[in-house]
Amino acid sequence: MTAVYPGGLSPVVAWPLAIALAAALGSFLNVCTSRLPRGESVVSPPSHCPGCGAAIRFYDNIPLVSFAVLRGRCRACRGPISWRYPLVEALAVGLGLLVLWQLGPTWEGLRAFLLGLVLIAVTFIDLETLLIPDRITLPGIVVGLAMQLYPSIRGLLGGLLGCLLAGGIFYLIALASRGGMGGGDVKLAAMLGAFLGWQLVLVAIFAGVLAGGVTGVLLLLLGRKGRKDPVPFGPFLALGGLVAALGGEPLLAWYLG
Ligand SMILES: [Zn+2]
């Protein structure tokens, strides 16, 4: 593994720094999750209350802390703030800690962290809209492939193969399912392949199909969903991608050995 920075930071500095950074990025993910499906800019206008339109002051925009201080209500109109905001921020912090614990401050860790953040956004957007925006997955494919250039340019081949393999598998599933699986899932799978390479993306697909299958059967048994109801597959694929990014190497070694 290759350390991202030379020398290294003291853990006393590194861990709080990672938590603060992850929380801030989680806050930005909230902006992306709300605005990207509507085709809005993620930079302007600045954060505002969706209820009354009041601009959110910087001291009311502190990840996790502000939600607790304001007790989940807008300072101006007292309207409720969605639980999604602190949840996404908490997930981002959890992801940062998990990555640091499993992979450390390495290039692999940075890649898993970036991928995980994108997957959190994809999951919430897919659950809310049943769509996975191209504005996330297409740039994601480019970033995933670009990250394969380091530490050796040979990684790019694995990324390209993964992209084509995973995208190809889901393209065939989409054709066979006649609308049950959408083009968004195909591009999400291709993005996972770009980030993970052809071996780990197979782990991701396997884990995703397993999680999706088990959940589908449970929902059927509980009578919560009929056989024909659409269940978004994106979140399961995202979960599989995260499992593969964090623990795929040992899983693969165990399976092959
Ligand atoms: Zn308000």
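Attention shifts here to the nonpolar core. As a rule of thumb, nonpolar side chains are buried together in soluble globular proteins. In this structure, Leu115, Phe170 and Leu196 are the most contacted members of the largest nonpolar core, which totals 55 residues. Elements that contribute at least two residues to this core include exactly α1 (11-35), α3 (84-102), α4 (107-129), α5 (134-147), α6 (155-177), α7 (183-221) and α8 (234-256). For this core, the element with the most residues is α7, which contributes 15 residues. Taken domain by domain, this core gets at least three of its residues from each of domain 1 (10-102) and domain 2 (133-257). In contact with Leu196, not counting residues within four places along its chain, are Leu115, Gln148, Val201, Ala204, Gly241, Ala244 and Ala245.

Let's shift gears to unusual backbone geometry. It is generally the case that most residues other than glycine have a negative phi and that most peptide bonds are trans. Cis geometry is adopted by the peptide bond preceding Pro45, which originates at Ser44 and carries an omega value of 0°. For Pro45, the location among the structural elements is in the loop between α1 and α2 (65-69). Omega for the bond connecting Tyr150 with Pro151 falls within 30 degrees of zero, at 5°, which places this linkage in the cis form. Along the polypeptide, Pro151 turns up in the loop between α5 and α6. Here Leu64, not a glycine, exhibits a phi torsion of approximately 65°, which is positive. Here Leu64 is to be found in the loop between α1 and α2. Residues other than glycine seldom take positive phi values, yet Leu130 does so here, at roughly 60°.

Here the focus is the coordination of the zinc ion. Reference values for coordination geometry: four tetrahedral donors around a metal ideally subtend 109.5 degrees, six octahedral donors ideally subtend 90 or 180 degrees. Around the zinc ion, the protein contributes the donor atoms Cys49 (SG), Cys52 (SG), Cys74 (SG) and Cys77 (SG), which lie 2.3 to 2.4 Å from the metal centre. Taken in chain order, the donor set of the zinc ion reads C-x2-C-x21-C-x2-C. Residue Cys74 is classed as buried on the basis of its relative accessible area, which comes to 8%.

This brings us to a nonpolar patch on the surface. Among the surface-exposed residues, Phe206, Leu210, Val214, Val217, Leu218, Leu221 and Leu222 lie close enough to one another that they form a single nonpolar patch of about 760 Å² accessible area. Tracing the chain through its elements places Leu221 in helix α7.

Let's shift gears to the environment of Leu36. Topologically, Leu36 is positioned in the loop between α1 and α2. Assessed through its relative accessible area of 12%, Leu36 is described here as buried. Taking the C-alpha atoms as reference, Leu36 lies 25 Å from Arg75; in sequence the two are 39 residues apart. Excluding residues within four positions of it along the chain, Leu36 makes contact with Val31, Val42, Arg135 and Ile136.

Here we come to the domain arrangement of the chain. Looking at the chain, the domain boundaries give domain 1 (10-102) and domain 2 (133-257). Here the C-alpha centre of domain 2 lies 27 Å away from the C-alpha centre of domain 1. Between domain 1 and domain 2, the contact holds 7 residues from the first and 4 residues from the second. Across the interface of domain 1 and domain 2, roughly 520 Å² is buried in total on both sides, 74% from carbon and sulfur atoms. Contact with domain 2 buries area across many residues of domain 1, yet Leu36, Leu95 and Gln102 alone supply 64% of it, more than any other trio. Put simply, domain 1 and domain 2 have 0 salt bridges between them. Residues belonging to the side of domain 1 that touches domain 2 are distributed by class as follows: 4 nonpolar, 2 polar and 1 charged.

Conventions used here
- Residues numbered from 1 in each chain as written.
- Predicted model: local features only at pLDDT ≥ 70, side-chain atom pairs only at ≥ 80, totals over all residues.
- Heavy atoms only, no water.
- Core = buried A, V, L, I, M, F, W, Y, C linked by side-chain atoms within 4.5 Å.
- Buried < 20%, exposed > 50% of the residue type's maximum accessible area, 1.4 Å probe, protein only.
- Helix = DSSP H or I, 4+ residues; strand = E, 2+ residues; numbered from the N terminus.
- Domains from an automatic or database assignment.
- Contact = heavy atoms within 4.5 Å.
- Donors = N, O, S within 2.8 Å, 3.2 Å for Na, K, Ca; no water.
- Patch = residues over 30% accessible without salt bridge, like charges linked within 9 Å, V, L, I, M, F, W, Y side chains within 5 Å.
- Areas by Shrake-Rupley, 256 points an atom, 1.4 Å probe, with all protein chains shown as cover.
- Salt bridge = Lys/Arg side-chain N within 4 Å of Asp/Glu carboxyl O.
- Buried area = accessible area lost by both parts, 1.4 Å probe.
- Nonpolar A, V, L, I, M, F, W, Y, C, P; charged D, E, K, R; others polar.

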